[in-house]
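These are the residues of each chain, in order.
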Amino acid sequence: MNRNEILSALKNKPEVSVLIVGGGINGIGTFRDLALNGVDVLLVEKGDFCSGTSAASSHMAHGSIPSLENGEFRLVREAVRERNRLLENAPHIVKPLATAAPIFKWFSGLLNAPLKFFGMLDKPSERGSIVIKLGLMMYDAYTGKQRTVPHHRFFSRKKSLAKWKQLSPKIVNTAVYYEGAILQPERLALELTLDAESENPEARALNYVSMVGGSDDTIILCDELTDENYDVHPKLVINAAGPWIDFTNRKLGLPTRFIGGTKGSHIVVRHAELRKAIGENEFFFENEDGRIVLIFPLYDHVLIGTSDIPIEHPEEAQCTDEEIDYFLKLTRRIFPSLSVTRENIVFRFSGVRPLPRSTTNAVSQVSHDRSIEVLSGDWTNLRFPVYSLVGGQWTSFRAFSEQVTDKALAYLGLTRQKDTRALPIGGGRGYPREPGEVTRQIESLSAWTGVARERLKVLFERYGTRAETIATYMNGGTDFIVRSLPDFSLREIVFLAQHEKICHLDDLLLRRSTLALLGRVTREMTEELARVLGNALGWNEEQKAAEVRRTLSILADRYGVQL
Ligand SMILES: Cc1cc2nc3c(=O)[nH]c(=O)nc-3n(C[C@H](O)[C@H](O)[C@H](O)COP(=O)(O)OP(=O)(O)OC[C@H]3O[C@@H](n4cnc5c(N)ncnc54)[C@H](O)[C@@H]3O)c2cc1C
């Protein structure tokens, strides 16, 4: 069903078993699991899917080493397992990531770690080699026999400086271990949504629909594209609004204070020397102030982050000049001979961690644990319970979704039929395991679709095994290269418009592709793509021009991109 069909079906039948508010990774993960288990479930997202915090992450599928210091061993073990599952189930998007931790001290943190563990130290401080070694041994133990990624290694100062020539000579050594890189989180979330809908026709997901109020047995939704309101009658509401959870509960007359969000920003830089200096390694390390920061290989660019600043209103999260100074300084600390400046920044972004409200003074010590907060009973003025999903991490979304789904199934009197542990995601289905196999698959696909090998290679990198469906579609009509964007073709864009729930031009530039993230967008491109998308989606000339204006203003205001 397309968007209009879903909305008109809602008018005729407003009853739904589960309504999920929020299309970030936690809402979408739960949507998929409920759909898989036969539940009629409706998800609404006020913007585009995966446009809130889930679009602002550090792109890591990681076991969260710093959580070891907080004594959150269960979380770390789970995150390591979930990281491995993502590598297995979404190999087209989640790739193994060698992670180097440059270390500046031998012993620091030896006393701090146990103090933090027993909750007696609020201030973060620099961790030394020995503490990191102990942490990584535990980490490897959690990876266990699976060996999805190799175990950690330590490199002496001499070997480190030989391996990374630009690295600061002030280091005492480096530790190298493996995590996962989630290269296109927004596409991963979208593919989960599409999987859910194709699995269960009673699972429907709508972007640009917000929950605006409700009482008794009714929730009021508003279509953000037309301003039209819709009533729905759910048996259960799942509030997956991330940092907006309390704002969303308030719309239902529930005065909660579950979230104590902290803002984190990143910059994307185009700097050939820095990109070469890091190789295929992420540098994940402790800055002088005790904060964990990263320099991350993002395609041919470099991602640098992140900050951790308390914030009340998620809409106000912006990457500020002070944060940029902080990122440039931390880069100089690790690679002192390289000059990375503001001119190298092509994109910046910011998001708010939906963390549980905490009493500790140090933001980096706030727990990354999660909970399902249940609100029900006469005092709520609602005839259905509301589950609020507080906390969590991108990496562990599947486990969190499973926990929420089990609870929802029990409430609805249903039993689990399927589980998601080994379930491939989107273009990860049937993805070749060996590099040679990819080439063979491309060869045979080229032979029967008639699409050139080079082009298929690009499609495979973008969409995994969904490349086959897209290439078949492309071959079904006359196709042209997009003039301002020669590695895309007209029918590829039309496919995305018709099958990937695109409502606005910025959905394509920011979330269905990496065009904006990697600083590739030009004014000419926005105009050309508005025409292509507009023709596919039935926009008139005025709408096309409005889409260009909207995109230019979003890029400038939220991402520091002036065109
Ligand atoms: C700087 C930073 C770095 C991070 N790095 C990592 C990392 O490397 N690895 C990792 O595992 N995790 C990381 N995380 C954590 C991870 O990104 C978040 O935990 C996760 O994305 C939260 O997802 P969510 O679905 O709960 O929230 P969100 O993604 O914010 O989704 C909530 C959605 O609800 C929608 N919404 C709000 N109100 C309404 C309404 N009334 N009606 C309809 N929709 C509504 C919003 O538009 C939003 O899209 C990072 C977080 C930050 C901020």
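Notes on the structure in this doc start here.

About the cut-offs
Residues numbered from 1 in each chain as written. Predicted model: local features only at pLDDT ≥ 70, side-chain atom pairs only at ≥ 80, totals over all residues. Heavy atoms only, no water. Helix = DSSP H or I, 4+ residues; strand = E, 2+ residues; numbered from the N terminus. Rg over C-alpha atoms; globule rule 2.2 N^0.38 Å. Buried < 20%, exposed > 50% of the residue type's maximum accessible area, 1.4 Å probe, protein only. Contact = heavy atoms within 4.5 Å. Areas by Shrake-Rupley, 256 points an atom, 1.4 Å probe, with all protein chains shown as cover. Near = heavy atom within 4 Å. Polar contact = N/O pair within 3.5 Å; in protein donor to acceptor, adjacent residues only side chain to side chain. Nonpolar A, V, L, I, M, F, W, Y, C, P; charged D, E, K, R; others polar. Axes fitted to C-alpha atoms, helices over the stretch in contact; angles between N-to-C directions. Parallel < 35°, antiparallel > 145°, perpendicular 65-115°, else oblique. Pairing = 2+ DSSP bridges. Disulfide = S-S within 2.5 Å.

**Considerations on the overall build of the protein**
Part 1 of the reasoning: Secondary structure assignment for the protein yields 19 helices and 20 strands.
Part 2 of the reasoning: Rg of the C-alpha trace for the protein: 23 Å, near the compact-globule value of 24 Å for 563 residues, within the 12% margin.
Part 3 of the reasoning: By principal-axis analysis of the C-alpha atoms, the protein measures approximately 70 × 60 × 45 Å.
Part 4 of the reasoning: Out of the 563 residues belonging to the protein, those deemed buried represent 60%.
Part 5 of the reasoning: Across the protein, the fraction of contacts at a sequence separation of at least 24, relative to all contacts at a separation of at least 6, is 71%.
Part 6 of the reasoning: For the protein, the computed accessible surface area is about 23200 Å², with 52% contributed by carbon and sulfur atoms.

**Points about the site of the ligand**
Part 1 of the reasoning: In the vicinity of the ligand lie 38 residues, with N26, E45, S54, M60 and T395 positioned nearest.
Part 2 of the reasoning: Side-chain polar atom of E45 to an oxygen atom of the ligand: 2.7 Å apart, as the coordinates give it.
Part 3 of the reasoning: Side-chain polar atom of S54 to an oxygen atom of the ligand: 2.5 Å apart, as the coordinates give it.
Part 4 of the reasoning: The set of elements that each furnish at least two residues to the shell around the ligand consists of α2 (25-36), β2 (41-45), β8 (209-215), β11 (262-269) and β16 (345-353).
Part 5 of the reasoning: A per-class count over the shell around the ligand returns 14 nonpolar, 21 polar and 3 charged.

**Things to note about the packing of helix α8 (residues 185-199) against helix α17 (residues 505-512)**
Part 1 of the reasoning: Two elements in contact, α8 and α17, have axes separated by 8 Å at closest approach and are oriented at 110°. By the angle between their directions, the pair α8 and α17 is classed as roughly perpendicular. Each of E186, R187 and L190 in α8 lies in contact with α17, whose residues at this interface are L510, R511 and R512.

**Looking at the pairing of strand β7 (residues 203-207)**
Part 1 of the reasoning: Of all 5 residues that make up β7, 5 are buried, and the element is covered over most of its length.
Part 2 of the reasoning: Covered by surrounding structure in β7 are A203, A205 and N207 together with R204 and L206, the residues of both alternating faces.
Part 3 of the reasoning: Where β2 meets β7, 5 bridges bridge the pair, whose relative direction is parallel. Residue pairing in the sheet places E45 in a bridge with N207 of β7.

**Notes on the state of the cysteines**
Part 1 of the reasoning: Counting across every chain of the model gives 0 disulfides.
Part 2 of the reasoning: Counting only cysteine sulfurs, C50 is the nearest neighbor of C319, a cysteine outside any disulfide, at a range of 19 Å.

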